[in-house]
Amino acid sequence: MRVAILGMGSVGKGLLQVINQKDLGITVTAVADSKSALMDRDGISIEEVLEAKKIHGYCGDTSLSSVDVVTKAAYDVLVEVTPTNATTGEPALTHILQALTRGRHVVTSNKGPIAREFERLHRCAAKNGVMLRYEATVGGAIPVIHVLQQGLAGNRVRAIYGVLNGTCNFILSRMAAEGLSYEQALLEAREMGYAEADPTYDVKGIDPAIKLVILANTFWKKTVQLEDVDITGIDMITNDAIRLAEEEDCTIRLIAEANPERGILRVAPRLLPLSHPLVVEGTLNAITIETDLAGEITLIGKGAGSVETASAIIGDILFIRDFHAGSHKKAP
Amino acid sequence: MKLEMKDAPGQLVAALRPISEVGGNIIAVIHQRDRKGERGEMLSVQIVLELPDQRLSDLIRLIREQGVNIQRIGHERLLYEKTVIVIGHLIHTDLGDTVDRIDCTGFAEVTGLNISMPAITQVSSARLVIKAVNKEDMEQAMEILRRVSREKDFLLVEPLEEVE
Ligand SMILES: NC(=O)c1ccc[n+]([C@@H]2O[C@H](COP(=O)([O-])OP(=O)(O)OC[C@H]3O[C@@H](n4cnc5c(N)ncnc54)[C@H](OP(=O)(O)O)[C@@H]3O)[C@@H](O)[C@H]2O)c1
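The notes below deal with the structure included here. (Residues numbered from 1 in each chain as written. Chains lettered and ligands numbered in written order. Predicted model: local features only at pLDDT ≥ 70, side-chain atom pairs only at ≥ 80, totals over all residues. Heavy atoms only, no water.)

What about the nonpolar core?
Grouped together as the largest cluster of nonpolar side chains are 81 residues, with contacts concentrated most on Val144, Ile171, Ile234, Ile237, Ile252 and Ile289 of chain A together with Ile85 of chain B. Residues contacting Ile252 of chain A, with those up to four places away along its chain left out, are Leu172, Ile237, Ala241, Ile242, Ala245, Pro269, Arg270 and Leu271 of chain A together with Ile85 and Val157 of chain B. Within the second largest apolar cluster, 32 residues are counted, among which are Met1, Val49, Leu50 and Phe319 of chain A. (Core = buried A, V, L, I, M, F, W, Y, C linked by side-chain atoms within 4.5 Å. Buried < 20%, exposed > 50% of the residue type's maximum accessible area, 1.4 Å probe, protein only. Contact = heavy atoms within 4.5 Å.)

What to know about the side chain of Asn169 of chain A
Residue and element names in this part refer to chain A. Locating Asn169 in the fold gives a position in helix H8 (residues 166-178). With a relative accessible area of 2%, Asn169 lands in the buried category. Within the structure, Asn169 has its side chain in polar contact with the backbone oxygen of Val280 (distance 2.8 Å). Once residues within four sequence positions are removed from consideration, Asn169 is found in contact with Val163, Arg253, Val280, Glu281, Gly282 and Leu284. (Helix = DSSP H or I, 4+ residues; strand = E, 2+ residues; numbered from the N terminus. Polar contact = N/O pair within 3.5 Å; in protein donor to acceptor, adjacent residues only side chain to side chain.)

Focus: the packing of aromatic side chains
For any pair of aromatic rings, the description consists of the separation of the ring centres together with the inter-plane angle of the planes. All names here are of chain A. The tally for this structure, following the rule as stated, stands at 4 aromatic pairs over all chains. The interplanar angle of 65 degrees and the centroid separation of 4.9 Å between the aromatic rings of Phe170 and Tyr194 together place this pair among those described as edge-to-face. You can see Phe170 sitting in helix H8 and its partner Tyr194 sitting in the loop between helix H9 (182-191) and helix H10 (200-203), a full 24 residues away along the chain. Considering the side-chain rings of Phe319 and Phe323, the 4.8 Å spacing of their centres and the 35 degrees angle between planes classify their relative orientation as tilted. Of this pair, Phe319 and Phe323 both sit in helix H13 (residues 306-323), 4 residues apart, which is roughly one turn of the helix. By relative accessible area, which is 13% here, Phe319 ends up buried. (Phe/Tyr/Trp six-rings, centres within 6.5 Å; stacked < 30°, edge-to-face > 60°.)

Below you can see the structure in the form of structure tokens.
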């Protein structure tokens, strides 16, 4: 299986390391970052490219770009792991559309294009007889998309509830455990590298809302947009509120909820009993799926991280190899 | 509910015993004697009681087992309970009014209020217990609370309730 990787940040590097360490039958034939690209149809040296990135800050030939990789490199699967842009989905949207149109499978961790253009991208993939997989966009290492699409095939999903943002969960669980104020817990999250310098996307609930849109598009209808989600963040939560919840053996968590029967698409802080399976600690993510046949299923796992996200990406690549073998067009 | 039984010693006690067995609480008992010709002296009793969720059908069965006839079951009141947390300038925005908006509906009530107040300029947090007659009324009460929260810039933290 030949893959081309766009993006050499935390996820891209983690993926390269895992492919290098494990004998998975995956050959990397191209990589690109924002300034350069490198292609070799027989496979590039992963060690050399990681070393070059470390020394120069870019991975390859500065006269080449990501678009050259997408349109010219020899690969079966394009792995798109450039930064998320929730408004336009770019540059990933263009990368993905070009690869699909070229008859190549795509695997991505990039929430922007999947949330924005779910239907269009899936139509494009179907038209070209290739697969588009996006396990890593939701819940990090948790294989929730596989569970929804394969494991629970034939079920009707009645509702999904989830802790989909590790940063918010970290802040709320630290407030509860240590009696910290919201500001103190946010500061700690920054120091630990869990929160961005500008934490707005996380604490205002936008990031989990984007993931909810992706889940809803997967199991409900393909046209759900971010604007359809009723979003409330955690930045108004006080320590007193958490204490008041605890007096009733409850706590507060940011829950993303999609319920087709009741027409609900909502991200909001909610009261949950301390014994509830969605009450997970730290940066963990947790997702409960309610279906007509299987009943209730809860998945808990690491919601982010370089190798954890690589796990989800590799699951998608190998799924394509094992279940779509030979049906992709051979690269010239 | 309204019960009918023979006016004989021990009958009333027998009719009331199942209420405590299902964890209920008697609020008022009103009784009157009716003359009922051939069936002899009958006692008609009205009971106002509080029951835990979902126990009404058990109670009906147990009372009937005592040979007591249930003539009528009146309105169920305030059987459904929900705890929420509200964060905001609760005092400055007239807490009494916030509570009133629920109470004045007649179908839902704020039956518990715990409030913590930090420094005057900071927001306060409160835990509210709301009771309503049934699920639909509770949903309506929550809708009112959501509206008030939007109006007064509160953050309303609702419980997560899953699909039944
Ligand atoms: N980190 C996680 O745990 C995690 C988990 C789930 C999903 N994701 C998603 O995965 C994606 C990657 O995350 P990350 O943490 O690895 O991000 P990151 O550390 O910011 O890395 C992004 C990489 O993309 C490169 N890039 C930017 N524009 C490009 C372009 N036009 N063409 C080619 N490469 C370009 C950057 O190049 P330079 O190196 O030259 O700047 C960088 O190497 C994001 O969409 C993120 O939302 C991340």
